[in-house]
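Summary of the model geometry
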Amino acid sequence: AYDSHRHPICITPGTPLAKWFADDLGSSGELLVNSYHHQGVKELGEGLVGMAWAPDGVLEGFYDPTYDPELGHFVVGLQFHPERMLQDYAGCAEVYKAFGRACWAYQQRQL
């Protein structure tokens, strides 16, 4: 049904996505992700870096290289929906854990 269509994405090593899904990635560096989007990123904003692509060239993930959740830096965009794949890959939960750490660190800096 809604999440039944999956396609592969190739994840760039050394990126947050590669770290979150390290235990899930095989030697190919690919994951099968849900896909039901009708829009995509045509051109990344200045300073942002791609970290995953579909075989058809659609960008599936990007981030700001200043990414550091412990300092409250978390600018990440994902085209797929990890919240709907929590049972499939341990890395899906890692995305939200990192976001939570970044929110906490940012809030602590504001006090």
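Numbers given for residues are sequential positions, taken from 1 along each chain in its written order. Residue-level local features of this predicted model are given only where pLDDT is at least 70; pairs of side-chain atoms are given and counted only at 80 or more, and the full residue set underlies all totals for whole chains, interfaces and linings. Calculation of side-chain values draws on the structure's entire complement of heavy atoms; hydrogens and water are dropped beforehand.

1. Quick look at the pattern of salt bridges
Only one rule defines a salt bridge in this text: a Lys or Arg side-chain nitrogen within 4 Å of an Asp or Glu carboxyl oxygen. According to the stated counting rule, one finds three salt bridges in the structure shown. One salt bridge in this structure joins D88 and R6, with 2.8 Å as the shortest N-O distance. Placement of the pair is D88 in the loop between β5 (76-78) and α2 (90-110) and R6 in strand β1 (residues 6-11), with a sequence separation of 82 residues. According to the relative accessible area criterion, R6 is partly exposed, its value standing at 27%. When the shortest N-O distance is used, the salt bridge between E94 and K97 registers 3.2 Å. With E94 and K97 both in helix α2, this residue pair falls three residues apart, about one helical turn. Assessed through its relative accessible area of 29%, E94 is described here as partly exposed. Since its relative accessible area comes to 46%, K97 is described here as partly exposed. Strands here are runs of E lasting at least two residues and helices are runs of H or I lasting at least four, both read from the DSSP assignment and numbered beginning at the N terminus. Burial classification: accessible surface area is computed with a 1.4 Å probe over protein chains only, and a residue below 20% of its type maximum counts as buried, one above 50% as exposed, and the rest as partly exposed.

2. Focus: the packing of aromatic side chains
The geometry of an aromatic ring pair comes down to the distance between the two centres and the angle between the two planes. Any Phe, Tyr or Trp ring, taking Trp's six-membered ring, that has another such ring centre within 6.5 Å forms a pair; planes under 30 degrees apart are called stacked, those over 60 apart edge-to-face, and the others tilted. Enumeration over the complete set of coordinates arrives at five aromatic pairs. On the numbers, 6.1 Å between centres and 25° between planes, the contact of W20 with F74 is stacked. On the criterion of sequence distance, the pair formed by W20 in helix α1 (residues 16-20) and F74 in the loop between β4 (59-63) and β5 is long-range, its members being 54 residues apart. This pair shows no difference in class: W20 is buried, exactly as F74 is. One aromatic cluster in this structure is built from W20, Y67, F74 and F99.

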